[in-house]
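Coordinate inspection notes
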Amino acid sequence: MAGNSPSPRPHGSRAVRGTAGLAALAVAASLSAACQVPLGGDDAGGSGESPAGAATGPAGPTTAGDNYVPGDGNGGYDVQHYGLKLTIDPNGAKQLDGTATITATATERLARFNLDLAGLDIASIKVDGAPARQQRGGDELEVTPAKPLRKGTKFTTVIKYSGTPKPVSDPVLGTYGWIRTPDGVFIACQPSGAHTWFPSNDHPSDKATFDFEITVPQGLTVIANGEPETPPEGTGGTPTLPGAPTGGPGTDGPGLEPVSLTGTKKRAMTTSKWHVKNPMATYLATVNVGRFGVRSSKTASGIPNITAVDPTLSGVSLDQFHKLNGDITEEWTKLFGPYPFSSTGGLIDNADVGFALETQTRPVYGAFGLQPTIVAHELAHQWFGDSVSLTRWQDIWLNEGFATYAEWLWDEKTGGPTVQEHFDEAYEGLGAGELWNVPPGNPGRKQMFGRSVYDRGGMTLVALRGRVGEDTFYKILRTWTKERAHSSGTTEQFIALANKVSGKNLDTFFDDWLYQKGRPAK
């Protein structure tokens, strides 16, 4: 994630970052807020029919036990697939009408299990075709099947729900999640916002494949993760929806005709389908609805590349952005290993957010414009954060430190400061208490998207490169992305791998850079 805010580090991957590094710090903080959901109070949340004889008995844990995101995630089962059939009407009384079909395997005997879901109304729940009982409390949805689930059993839960998702407003991480735009919806959910728009096991330790079937008013375009069943068609125009933000950077582009989304009782709708064939963390799921110019082609090595831009954003070239996505993806394959997914690209929307987010296969960016180093940052996350995901949020430097290093690499490649110059500037900088007083290997919830995680995390890799040599350094990175592709990893596992590949004991080195306060020796 990068950010673009006035705070010390709101624009890295979570904030938008400029070549001087200050903008990048802003992006990081903002982006980290992209999808966090604070715990709420009790909410009956709908009255789906419940069987009178629903089973009682053992239940899985109601949290993943991650104190960086208290309450997120659940236990007792492993999700394999989410099938999301959604009707999104940005101008509707209820913006979202959905059916979530969740396929999972019970990892223990379950008479009850929990999902994460915030605020939306539930019409019905079925488990393996039979009505199930529900109970709501805060952001927890407890499901009691008609019959207990045996350990090892594969089961399917179908939940019909509706409502208008609310963006998350977190005092630490900011506003993110389901964000209205002048013509639609922008979705970015790091770390905890997925369950504001679909029921889920909302923690990156439980990744799954996805299918999206999205129906929207005709004249709007849908851009989601993965690959579409049919190529998306671009749309023009700038309708402003009631309740949507206005007065932003967007203006009517030349020759674009606004199309009214009101005036008829029953509007024509259009449906698109997108498939995500590799496992994805819930916070990386995105569905963006609006009017976009779209480019589809292949990179030099044949990777499908889908790029979209809101045409009302001045100074943003769709063709330039599309080419940049392809060029950076190709460059990172040379350094980090084969591209881990079946398509690449990106989307820039007229969304009033100061961050970008590495949504899988297709990062999303707010209305701050096109910044090549931020694109480099987000696309590096496809290897570090998306394919190799977190087991716990404490290890967020494995995502942001690696993407920051890549950001510096792209800056050097395109004529900006070298990687070493970025390192030296930060190392010698004055007033860097936030850098040296916060250990990036365990920054705490309040600093999980702070400057130390991004810059000191990136500096750790620069220092590692100097310690083991460039060839060995990139062998470590490529081994990491290969051995843990489409899975997850921890800092301890990365350190063990670095020791093994380099033939050195680097434990003290990593302890100084990741876990101790104070400025480490170069």
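Every value quoted in this text rests on a predicted model; they were computed, and no experiment measured them.

**Some points on the sheet that holds strand 4 (residues 113-116)**
Taken in spatial order, the three strands of this open sheet run 4-8-7, and their pairing is antiparallel. Looking at the sheet topology across the chains shown, the edges are occupied by strand 4 and strand 7 (133-137). Going across the sheet, the axis of each strand differs from the next one's by a mean of 25°, ignoring polarity. Summarising the sheet, strand 7 and strand 8 (residues 140-144) pair through five bridges and their orientation is antiparallel. Bridge pairing links glycine 137 to glutamate 140 in strand 8.

**Re the pattern of salt bridges**
Under the definition given, this model contains 14 salt bridges. Two residues, lysine 334 and glutamate 331, come together in a salt bridge whose shortest N-O distance is 3.6 Å. With lysine 334 and glutamate 331 both in helix 2 (residues 318-336) and three residues apart, the pair spans about one turn of that helix. For aspartate 395, the salt bridge identified is with arginine 392, shortest N-O distance 2.8 Å.

**Overview of the packing of aromatic side chains**
Applying the stated criterion to the full structure yields 31 aromatic pairs. Ring centres of phenylalanine 210 and phenylalanine 212 lie 5.7 Å apart, and the angle between their planes is 25°; on these two criteria the pair is classed as stacked. For phenylalanine 210, a relative accessible area of 0% corresponds to the buried category.

**A word on a positive patch on the surface**
Taken together, the side chains of Lys85, Lys126, Lys160 and Lys273 present a region of like positive charge at the surface. Overall, lysine 160 belongs to the partly exposed group, its relative accessible area being 44%.

**Quick look at helix 3 (residues 372-380)**
Structurally, the α-helix is built with 3.6 residues per turn, so residues lying three or four positions apart point the same way. Among the nine residues in helix 3, eight count as buried, and that is most of the element. All of the buried residues in helix 3 are Thr373, Ile374, Val375, Ala376, His377, Glu378, Leu379 and Ala380.

**As for the environment of leucine 347**
With respect to the secondary-structure elements, leucine 347 resides in strand 20 (residues 344-348). Overall, leucine 347 belongs to the buried group, its relative accessible area being 0%. Setting aside chain neighbours within four positions, we find leucine 347 in contact with Phe186, Ile223, Asn288, Phe292, Ala308, Phe321, Pro363, Val364 and Tyr365.

**Re the sheet that holds strand 16 (residues 269-280)**
On the basis of which strands lie adjacent, the open sheet formed by eight strands has the order 6-5-9-3-2-13-16-15 and mixed pairing. Edge positions in the sheet fall to strand 6 (130-131) and strand 15 (227-228), since each has one partner strand and no second. In this structure, strand 5 (residues 121-127) lies alongside strand 6, joined through two bridges in antiparallel fashion. Bridging across to strand 6, lysine 126 finds its partner in proline 131.

**Examining the packing of helix 4 (residues 397-413) against helix 8 (residues 470-483)**
The geometry of helix 4 relative to helix 8 is characterised by a closest axis approach of 14 Å and an angle of 130° between their N-to-C directions. Taken together, helix 4 and helix 8 sit at an angle that is classed as oblique. Along this stretch, helix 4 crosses helix 8, giving a crossing that reads as left-handed. For the pair formed by helix 4 and helix 8, the contact residues are Leu398, Phe402, Tyr405 and Leu409 on the first element and Phe473, Tyr474, Leu477 and Trp480 on the second. Broken down by class, the residue content of the contact of helix 4 with helix 8 amounts to eight nonpolar, no polar and no charged.

**A short note on helix 2**
Over its 19 residues, helix 2 extends 26 Å from the first C-alpha to the last, a length consistent with the 27 Å expected when each residue adds 1.5 Å. Where helix 2 terminates, the next one or two residues include glycine 337, which has phi positive at roughly 110°.

**Overview of the confidence of the model for the protein**
Mean pLDDT over the protein stands at 87; residues scoring 70 or higher make up 84%. Note that pLDDT drops below 50 for residues 4-54; the model gives that stretch 291 contacts with residues more than four away or on any other chain. Ignoring residues within four places in sequence, the model shows residues 237-264, a span with pLDDT below 50, making 54 contacts including any to other chains.

What counts and how
- Residues numbered from 1 in each chain as written.
- Predicted model: local features only at pLDDT ≥ 70, side-chain atom pairs only at ≥ 80, totals over all residues.
- Heavy atoms only, no water.
- Pairing = 2+ DSSP bridges.
- Helix = DSSP H or I, 4+ residues; strand = E, 2+ residues; numbered from the N terminus.
- Axes fitted to C-alpha atoms, helices over the stretch in contact; angles between N-to-C directions.
- Salt bridge = Lys/Arg side-chain N within 4 Å of Asp/Glu carboxyl O.
- Phe/Tyr/Trp six-rings, centres within 6.5 Å; stacked < 30°, edge-to-face > 60°.
- Buried < 20%, exposed > 50% of the residue type's maximum accessible area, 1.4 Å probe, protein only.
- Patch = residues over 30% accessible without salt bridge, like charges linked within 9 Å, V, L, I, M, F, W, Y side chains within 5 Å.
- Areas by Shrake-Rupley, 256 points an atom, 1.4 Å probe, with all protein chains shown as cover.
- Lys, Arg positive; Asp, Glu negative; His and termini not counted.
- Charge placed at Lys NZ, Arg CZ, Asp CG, Glu CD.
- Contact = heavy atoms within 4.5 Å.
- Parallel < 35°, antiparallel > 145°, perpendicular 65-115°, else oblique.
- Left-handed = near helix turned anticlockwise from the far one by under 90°.
- Nonpolar A, V, L, I, M, F, W, Y, C, P; charged D, E, K, R; others polar.
- Expected span 1.5 Å × (residues − 1).
- pLDDT = per-residue confidence, 0-100.

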